[in-house]
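In case you want the letters, here they are:
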Amino acid sequence: MSKVLGLALGILAAIGGFVDIGDLVFNVSAGATFGYELMWVIPIGVVGIIVYSEMCGRVAAVSGKAVFDAIRERVGFKAGLGALVSSEVVNLMTLAAEVGGVAIALQLLSGLPYRWLIVLAIVALLVVIWVTSFEWLERIFGYGGLCMLVFAVAAIKLGPSWTDVGKGFIPHIAGDSKLLYGYFIIGLLGAALTPYEVYFYSSGGIEDQWSPKDIGLNRANAIIGYGLGGFLSLALMVVGAALFLSRGISPEHLGTIALGAEVPLGQIGLLLALVGILFAVGGASIDTVFSGAYNLAQFCGWEWGRYRHARGAPRFALTWIVLLVLAMGIVLTGVDPVVLTEYAVIFSVVALPLTYIPILLVANDRAYMGRYGNGRLANVLGLLYLVVIVIVALSAVPLMILTNVGQN
Amino acid sequence: MCAGVCGVFVVAGCNGGTVDRHALTNDSSTLDSIACEGALLAHDVARGRSPVFFAREQAEELRIQSSNFADALSRRKTIPAIKDQVRQKAKYAATLAATLQQLHNHPSSRSVAASVERKLKKLGNCS
Amino acid sequence: MEIDIGLHLLDHQLLDKDGRRCGNADDLAIEGGPGETPEVVAILVGPGFWGQRAGWIGKLAGWIGGGRRVRVDWSDVDKVDSAIELKRGATELGLGRGDDRLRPWIAKIPGAGR
């Protein structure tokens, strides 16, 4: 039974994290701007997050240490503090973007005023997290997020040219708008390689008391969960390309994305899309806020964990509550969640090496990992992605500036 | 990283300056995009495929966006050569906003939606 | 006990006798002059020690964190495994005070034990 639950953790983490507001915005936008030309980036992102997650999961299962425990121990206090501060800043931006997304989805479903829905969304998240057990949280948001599969149906129904889609999988550089193309590559990879996902996943593994015998489950989780998320990202890009590109529509609202399901599938399509977005982005908010609390608590050595209950881990509980309230404050200033999303994704990519490199070191460290350290495949992939991540991190801000945040 | 963060905010903020040809082209295509998306939404409403809340709220989102453009383009400084074009675009944006307002006010009327769709398609040169 | 100090002690998690997490080893008190083998005599815990680990950023973070300093004698260490396990309870040793002080407030909210 716990193996099935273990898989549900993976699915929640994947759907919530892999199809969060960043993926929604960037994948549909990429399709609406470059058609199918960027399809090849998605599998690269999927394999990347699988590699990163699997390593973190394995570190958790073997050493009993979550990401920020391991980072602080391995690279020391100063570097660890740098990694923590940058992670928490990006985390809060992401959380605000996700919460904003939840409020928008609620508005499109109910017609109630946006500002009230922001407060409602935060209160609902606070109550749901406080009251619901981890298992039920995973179930509700994981399976609710599966409504996103409507975009796969929509993608097929829109009847794209499958040869063009196929050609999109061959890596190539666009003819024109090279800078914008580069910006989208960064954005798509950044949206795929969400670090909060990895922190949540590894801490969740410790909460579930993984041991070395769970390594296989860890791998299955990572591959199936993120594979599913990648498949949904492909569907989103196809929808963007098949529906919006030819009509000259550049998606700038969450509602536009939902329209992508309404046009081919009618009211049912739209409702499933909105519900799917609500649960996917809502689930992502939960992953994100917990990840922020996990990181701080682990770095400081506090008691932490959902399973300890608020009484057992008071500072941990206060942290996620405060983070939600701060996020609410940010969204209430009126900043557009879609714009905030783009900034959050780009900055998270810049900060990514700060946590990836220590984890790669720990995963190779025999003192931590015993005989479960990185094998040859894990290291080849790990190093390959290290190169990718560093290149992406270095080019992110220049490209953002040069393309004026994707407006060109 | 700190320098990068500050740099981005400074540069991104610079966009709110004088309207030049580049900005005008960008704003034009955004306005066309709004028009065509509005047309797509109206198309669905005309066929009864759109729930009322969604149609109303999404039309409002698009209206607010075009209304903001109308304000900005009618007030911002422009380089002299393109001043007329910019003010023309401001009028376009205002018409767009007014048309979308109709859809927002009648989110379940198929006839209003059909007429809105026609107007928007023409405005935005949509396919 | 000969342990590679950097690898097994510094920045590691402290667990009290009940397995409760109660801080990280923020610094170490080492004695032993030149010519003698350095010996760890105490583990130093608390944001008050962060300043000496990371310059002004550490000081700032330490100030935000409350600046507390706790000294855990080496004699209170039971064993050093993947975490540092202590012989006594956290409260006895003055550790985990932040959690203890916050607990009565959090516990007032219904459902805090779930």
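All of these numbers come straight from a predicted model, not from anything done at the bench. (Residues numbered from 1 in each chain as written. Chains lettered and ligands numbered in written order. Predicted model: local features only at pLDDT ≥ 70, side-chain atom pairs only at ≥ 80, totals over all residues.)

### A short note on the overall build of chain A
Assigned secondary structure in chain A consists of 17 helices and zero strands. In terms of overall size, chain A behaves like a compact globule, its C-alpha atoms giving a radius of gyration of 20 Å where 408 residues would be expected to give roughly 22 Å. Structurally, chain A occupies a C-alpha span of about 55 × 45 × 40 Å along its principal axes. Contacts in chain A between residues far apart in sequence, at least 24 positions, make up 87% of those at least 6 positions apart. (Helix = DSSP H or I, 4+ residues; strand = E, 2+ residues; numbered from the N terminus. Rg over C-alpha atoms; globule rule 2.2 N^0.38 Å. Contact = placed C-beta atoms within 7 Å.)

### Some details on the interface of chain A and chain B
Each side of the interface is counted separately: chain A has 30 residues, and chain B has 28 residues. Residue assignment for the side of chain A that touches chain B shows that the elements contributing at least two residues are α4 (67–110), α12 (254–300), α15 (337–364) and α17 (376–402) of chain A. By residue number, the principal contributor to the side of chain A that touches chain B is α12 of chain A, which donates nine residues.

### Digging into the sheet that holds strand β1 (residues 13–15) of chain C
Residues and elements named next belong to chain C. The strand order across the open sheet formed by four strands is β2-β1-β7-β6, and the pairing between neighbours is mixed. Because the sheet does not close on itself, it has two edges, and the strands there are β2 (21–24) and β6 (77–80). Recorded for the sheet is a direction-independent mean angle of 25° between the axes of neighbouring strands. By the bridge criterion, three bridges tie β6 to strand β7 (residues 84–86) in an arrangement that is antiparallel. If you follow Val80 over to β7, its bridge partner there is Ile84. (Pairing = 2+ DSSP bridges. Axes fitted to C-alpha atoms, helices over the stretch in contact; angles between N-to-C directions.)

### Here's the deal with unusual backbone geometry
The phi angle at Gln209 of chain A is positive, at roughly 55°, despite the residue not being glycine. With respect to the secondary-structure elements, Gln209 of chain A resides in the loop between α10 (195–207) and α11 (215–245). At Asp11 of chain C, a position not held by glycine, the phi torsion is positive, near 70°. Following the sequence through the fold, Asp11 of chain C ends up in the loop between α1 (5–8) and β1.

### Structural notes on the nonpolar core
Ranked by internal contacts, the top residues of the largest apolar core, which has 186 residues, are Val99, Ala105, Phe151 and Leu188 of chain A. Beyond its immediate sequence surroundings of up to four residues, Leu188 of chain A is in contact with Phe26, Asn27, Ala30, Leu38, Val41, Ile42 and Gly45 of chain A. Membership of the second largest hydrophobic core comes to 15 residues, among which are Leu14, Val70, Ile84 and Ala90 of chain C. (Core = buried A, V, L, I, M, F, W, Y, C linked by C-beta atoms within 7 Å. Buried ≥ 20, exposed ≤ 12 C-beta atoms within 10 Å, placed from the backbone.)

### A look at the interface of chain A and chain C
Each partner contributes residues to the interface: chain A has 25 residues there, and chain C has 28 residues. Elements represented by at least two residues in the side of chain A that touches chain C include exactly α4, α5 (114–131), α13 (309–312) and α14 (314–332) of chain A. It is α4 of chain A that provides the largest number of residues to the side of chain A that touches chain C, a total of seven residues. Residues belonging to the side of chain A that touches chain C are distributed by class as follows: twelve nonpolar, five polar and eight charged. (Nonpolar A, V, L, I, M, F, W, Y, C, P; charged D, E, K, R; others polar.)

### Thoughts on the packing of helix α3 (residues 41–63) of chain A against α17 of chain A
Residues and elements named next belong to chain A. Where α3 contacts α17, the axes come no closer than 10 Å and their chain directions differ by 120°. Classified by the angle their axes make, α3 and α17 are oblique. As α3 runs across α17, the sense of the crossing is left-handed. Packed against α3, whose contacting residues are Gly48, Val51 and Met55, the element α17 presents Ala378, Leu381, Gly382, Tyr385 and Val388 at the interface. (Parallel < 35°, antiparallel > 145°, perpendicular 65-115°, else oblique. Left-handed = near helix turned anticlockwise from the far one by under 90°.)

### What to know about the sheet that holds strand β3 (residues 27–31) of chain C
Residue and element names in this part refer to chain C. Spatially, three strands are ordered β3-β4-β5 in an open sheet, and the strand pairing comes out antiparallel. In the strand order of this sheet, the two ends are held by β3 and β5 (70–73), each with one partner. Put simply, the sheet's adjacent strands are angled 30° from each other on average, direction ignored.

### Describing helix α5 (residues 110–124) of chain B
Each full turn of the α-helix corresponds to 3.6 residues, which orients residues three or four apart in the same direction. All names here are of chain B. Between its first and last C-alpha atoms α5 spans 21 Å; for 15 residues at 1.5 Å apiece the expected length is 21 Å, and the two agree. For α5, every residue scored as buried is listed here: Ala113, Val116, Glu117, Lys119, Leu120, Leu123 and Gly124. Where α5 ends, the next residue or the one after it, Asn125, has phi of about 60°, a positive value. (Expected span 1.5 Å × (residues − 1).)

### A few points about the confidence of the model for chain B
All names here are of chain B. Predicted confidence across chain B gives a mean pLDDT of 87, with 87% of residues reaching 70 or more. By mean pLDDT, helix α1 (residues 2–13) is the weakest element of chain B at 48, and α5 is the strongest at 95. This prediction of the complex comes with two scores: 0.92 for pTM and 0.92 for ipTM. (pLDDT = per-residue confidence, 0-100.)

### Things to note about the arrangement of the chains
In this assembly, two pairs of chains are in contact, and the pair contributing the most contacts is chains A and B. Left apart from each other, chain B and chain C have a closest C-alpha approach of 14 Å.

### Thoughts on the pairing of β2 of chain C
Residue and element names in this part refer to chain C. Relative to β2, β1 runs antiparallel, the two sharing two bridges. Opposite Leu15, over in β2, you have Arg21 as the bridge partner. Joining the antiparallel neighbours β1 and β2 is a turn of five residues, in which Gly19 adopts a positive phi near 80°.

### Overview of the environment of Ala42 of chain C
Residues and elements named next belong to chain C. Positionally, Ala42 belongs in strand β4 (residues 39–45). Separated by 39 residues in the primary sequence, Ala42 and Asp81 place their C-alpha atoms 17 Å from one another. Non-local contacts of Ala42, meaning those with residues more than four positions away in its chain, are made with Ala29, Arg71, Val72, Asp73 and Trp74.

### Re the environment of Ala293 of chain A
All names here are of chain A. By the element assignment, Ala293 lies in helix α12. Here the alpha-carbon distance between Ala293 and Ser246, two residues 47 residues apart in the chain, equals 44 Å. The residues contacting Ala293, other than those within four sequence positions of it, are Phe316, Thr319, Trp320 and Leu323.

### With respect to the packing of α4 of chain A against α14 of chain A
Residue and element names in this part refer to chain A. Packing of α4 against α14 leaves a shortest axis separation of 8 Å and a crossing angle of 65°. By the criterion of interaxial angle, the relationship of α4 to α14 is roughly perpendicular. Crossing of α4 against α14: the hand is right-handed. Every residue of α14 that contacts α4 at Leu92, Leu95, Ala96, Val99, Gly100 and Ala103 is listed here: Leu323, Leu326, Ala327, Met328, Ile330 and Val331. Taken together, the residues that form the contact of α4 with α14 break down as eleven nonpolar, one polar and no charged.

### Side note on α10 of chain A
All names here are of chain A. Over its 13 residues, α10 extends 18 Å from the first C-alpha to the last, a length consistent with the 18 Å expected when each residue adds 1.5 Å. When you tally the buried positions in α10, you get twelve out of 13 residues, the bulk of the element. Taken together, the buried positions of α10 are occupied by Pro195, Tyr196, Glu197, Val198, Tyr199, Phe200, Tyr201, Ser202, Ser203, Gly204, Gly205 and Ile206. Among the residues trailing α10, Gln209 stands out with phi positive, at a value near 55°.

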